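Observations on chain architecture
Listed below, chain by chain, are the residues.
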Amino acid sequence: MLQDRFGRTIDYLRLSVTDRCDLRCSYCLPARFKGFEEPAHWLSFAEIRRVVAAFAALGVRRVRLTGGEPLLRKDLPQLAASLSALGLDDLSLSTNATQLLRFAPALKQAGVTRVNVSLDSLDRACLAGITGRDAHTAIFAGIMAAKAAELTPLKLNMVAMRGVNEQDIIPMAEFAMQHSFILRLIEAMPMGASGRNTAFLDLGPVREMLVQRFALQPEVIELGGGPARYWKTPDGLGRIGFITPMSQHFCASCNRVRLTVDGTLHLCLGQEHSVALRPLLRQGISDEALQQVIREAIELKPERHEFNEAPQKIIRFMSQTGG
Ligand code: SAM
């Protein structure tokens, strides 16, 4: 089992399979971003599988494929199938859903258990304003395809922004409840210039408003072992999660690390501590030595992010690290 210096068990890996995206969400990736990783630096599927196998041998049972937009990586279901063959407990995917109509059945067949979809508004114009593209039709077709393929429980991730999509929070909650999706509201983090320039909305008062509106009660069980704190409707069928890295951080229970497409292992979203695995993989490191490097890397995991104290610190964008 992987344990860091602060006694936290690390049992969850976020795996970014590309830093490319077909959307340009205002808080995530600048419209004219030029700093994409060159293909020669992308880990191959075989390299990714080796790293995931090493993590699995060290007790990591849950992996999430992310990006950029993971469905832009060619043959992603093939990679999913090879990772799922490692016998993980949970193989999930974060996506913007623009390609889900095409891929949902193949992902299910490949062993992907569930998907999280980023959706910041139901309103076409508002959504296009945030994503930089009118992809409303493809996104909603993709979401329904995922529901039909039973990539569930399907979570909708909504970055809540003051003066941008606040008015969509209640319609999003109703939409989620109508389809048995779980809505998760997320506070924007100052990652890269895009994140820093986002109008921050404190989710504390939003939660109070939603508790009143839907008579929500706190959920006792944890869903998915992630950072969200869940509240449920009295009949137990509707759920809303709150991810509050800024107003109430959850670093003490952080259980994850992130691998980027270029093979860099990031120990914290809000710090620079990292270890480059690609050179080691390409120099022919053994499985045992790779596991030892990962154990030592976990020792570097910092206690907490410093987004509030040092909001200018993280220059990489979320799309580069993998959200
Ligand atoms: N393309 C996929 C998607 O849309 O879900 C996966 C990558 S995206 C970077 C993963 C998640 O990061 C999304 O839910 C997105 O909303 C979130 N995200 C990106 N930038 C963020 C920021 N500055 N603060 C908080 N969340 C952010």
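Now for a quick tour of the structure. Keep in mind the model is a prediction, meaning the values are calculated, not measured.

**Here's the deal with the pairing of strand β4 (residues 62-66)**
- Burial analysis of β4 places five of its five residues in the buried class, the great majority of the element.
- On β4, burial covers both faces: Arg-62, Arg-64 and Thr-66 on one face and Val-63 and Leu-65 on the other are all buried.
- Bridge count for strand β3 (residues 12-16) against β4 is five bridges, and the pairing is parallel. Bridge pairing in β4 links Tyr-12 to Arg-62.
- Sheet topology note: the β4/strand β5 (residues 90-95) ladder contains four bridges and is parallel. Its bridge partner being in β5, Arg-62 is matched across the sheet by Asp-90.
- As a crossover connection, the stretch from β4 through helix α2 (residues 76-84) into β5 is right-handed.

**Section: the pairing of β3**
- Along β3, five of the five residues are buried, which leaves the element largely enclosed by surrounding structure.
- A two-sided burial pattern is seen for β3, the buried positions comprising Tyr-12, Arg-14 and Ser-16 on one face and Leu-13 and Leu-15 on the other.
- For the crossover from β3 across helix α1 (residues 45-57) to β4, the handedness is right-handed.
- By the bridge criterion, four bridges tie β3 to strand β12 (residues 256-259) in an arrangement that is parallel. Looking at the pairing, Leu-13 lines up with Val-257 of β12.

**Some remarks on the layout of surface pockets**
- Of the pockets and cavities examined, the second largest pocket occupies roughly 170 Å³.
- Forming the boundary of the second largest pocket are 13 residues, of which Glu-37, Thr-260, Asp-262, His-266 and Gln-320 lie nearest the centre.

**A word on the site of the ligand**
- Residues in contact with the ligand amount to 18 residues; listed here are only the nearest, Tyr-27, Gly-68, Glu-69, Ser-118 and Met-189.
- Within the backbone of Thr-95, an N or O atom sits 3.4 Å from an oxygen atom of the ligand.
- Protein chains bury 94% of the 550 Å² of accessible surface belonging to the ligand in isolation.
- Of all the elements in the fold, those that place two or more residues in the shell around the ligand are β5 and β7 (155-160).
- When its residues are assigned to classes, the shell around the ligand shows six nonpolar, 10 polar and two charged.

**Some thoughts on the sheet that holds strand β9 (residues 217-218)**
- Read from one edge of the open sheet, 12 strands run β9-β10-β11-β8-β7-β6-β5-β4-β3-β12-β13-β14, paired in mixed fashion. Every other strand in the sheet has two partners, leaving β9 and β14 (274-276) as the edge strands with one partner each.
- Packed on one face of the sheet, helix α6 (residues 169-178) meets β7, β8 (182-187) and β11 (239-243) and runs near 175° to β7.

**Brief notes about the packing of aromatic side chains**
- Evaluated as defined, the whole model comprises four aromatic pairs.
- Measuring from centroid to centroid gives 5.0 Å for Phe-33 and Phe-36, while their planes differ by 80°, and the two rings are edge-to-face.
- Here Phe-33 falls in the buried class, since its relative accessible area comes to 14%.
- The exposure class assigned to Phe-36 is partly exposed, which follows from its relative accessible area of 23%.
- With a centroid separation of 6.0 Å and 65° between ring planes, the pair formed by Phe-175 and Phe-181 is classed as edge-to-face. Here Phe-175 matches Phe-181 in class, with each residue buried.
- If you follow Arg-207 out to its NZ or CZ, it ends over the ring of Phe-242, 5.8 Å from the centre.
- In this structure, Arg-213 is placed above the aromatic ring of Phe-214, and the distance from its NZ or CZ to the ring centre is 5.1 Å.

**Structural notes on empty space enclosed by the protein**
- Going through the model one piece at a time under the given rule, you end up with two cavities of 30 Å³ or more.
- Looking at the second largest cavity, its volume works out to about 50 Å³.
- Around the second largest cavity sit Leu-23, Cys-25, Tyr-27, Asn-96, Ser-118, Leu-119, Asp-120, Leu-127, Thr-131 and Ile-139, which together line it.
- Residue composition of the lining of the second largest cavity, by class: six nonpolar, three polar and one charged.

**What about the pattern of salt bridges?**
- Enumeration over the complete set of coordinates arrives at 16 salt bridges.
- Residues Arg-62 and Asp-11 are paired through a salt bridge, measuring 3.2 Å at the closest nitrogen-oxygen approach. Of the two residues, Arg-62 sits in strand β4 while Asp-11 sits in the loop between β2 (9-10) and β3, which places them 51 residues apart along the sequence.
- A relative accessible area of 23% places Asp-11 in the partly exposed class.

So, how was this worked out
Just so you know, the residues in each chain are numbered from 1, in the order the chain's sequence is written. Given that this is a predicted model, residues contribute local features only at a pLDDT of at least 70 and side-chain atom pairs are listed and counted only at 80 or more, while totals for whole chains, interfaces and linings are drawn from all residues. For side-chain calculations, the full set of non-hydrogen atoms in the structure is used, while hydrogens and water are omitted. Throughout this description, buried means an accessible area under 20% of the type-specific maximum (1.4 Å probe, protein chains only), exposed means over 50%, and partly exposed covers the range between. Per the convention used, a helix needs a DSSP run of H or I reaching at least four residues, while a strand needs a run of E reaching at least two, with both numbered from the N terminus. At least two DSSP bridges between two strands are required for those strands to pair. Look down the strands so they point away from you; if going from the first strand over the helix to the second traces a clockwise path, that crossover is right-handed. Cavities and pockets are defined on a 1 Å grid built over the protein atoms alone: a cavity is a set of grid points where a 1.4 Å probe fits but cannot escape, while a pocket is an open set with protein on both sides within 12 Å along at least five of seven lines, and lining residues are those with an atom within 4 Å of any such point. Grid points are joined across faces, edges and corners, and a volume is the space filled by probe spheres set on the points. Nearness is defined per residue: one heavy atom within 4 Å of the molecule or strand is enough. In protein, a polar contact means a hydrogen-donor-capable atom and an acceptor-capable atom, both N or O and within 3.5 Å, with residues adjacent in sequence counting only if both atoms are side-chain atoms; elsewhere, any N or O pair within 3.5 Å suffices. Method for areas: the Shrake-Rupley scheme with a 1.4 Å probe, in which residue coverage is limited to the protein chains shown. Residue polarity is assigned by list, with Asp, Glu, Lys and Arg as charged and Ala, Val, Leu, Ile, Met, Phe, Trp, Tyr, Cys and Pro as nonpolar; anything else, Gly included, falls into the polar class. Whether two residues are in contact is decided by their heavy atoms, any of which lying within 4.5 Å being enough. Here an angle of 0 to 180 degrees is reported between the N-to-C directions of two axes, which are lines fitted to C-alpha atoms, with helices fitted over the stretch in contact. Stacked, tilted and edge-to-face pairs are distinguished by plane angle, under 30 degrees for stacked and over 60 for edge-to-face with tilted covering the rest, among Phe, Tyr and Trp rings (Trp via its six-membered ring) whose centres lie within 6.5 Å. Only Lys NZ and Arg CZ are tested; either one counts as a charge over a ring when it is within 6 Å of the ring centre and within 35 degrees of the ring normal. Each salt bridge in this description consists of a side-chain nitrogen of Lys or Arg and a carboxyl oxygen of Asp or Glu lying within 4 Å of one another.

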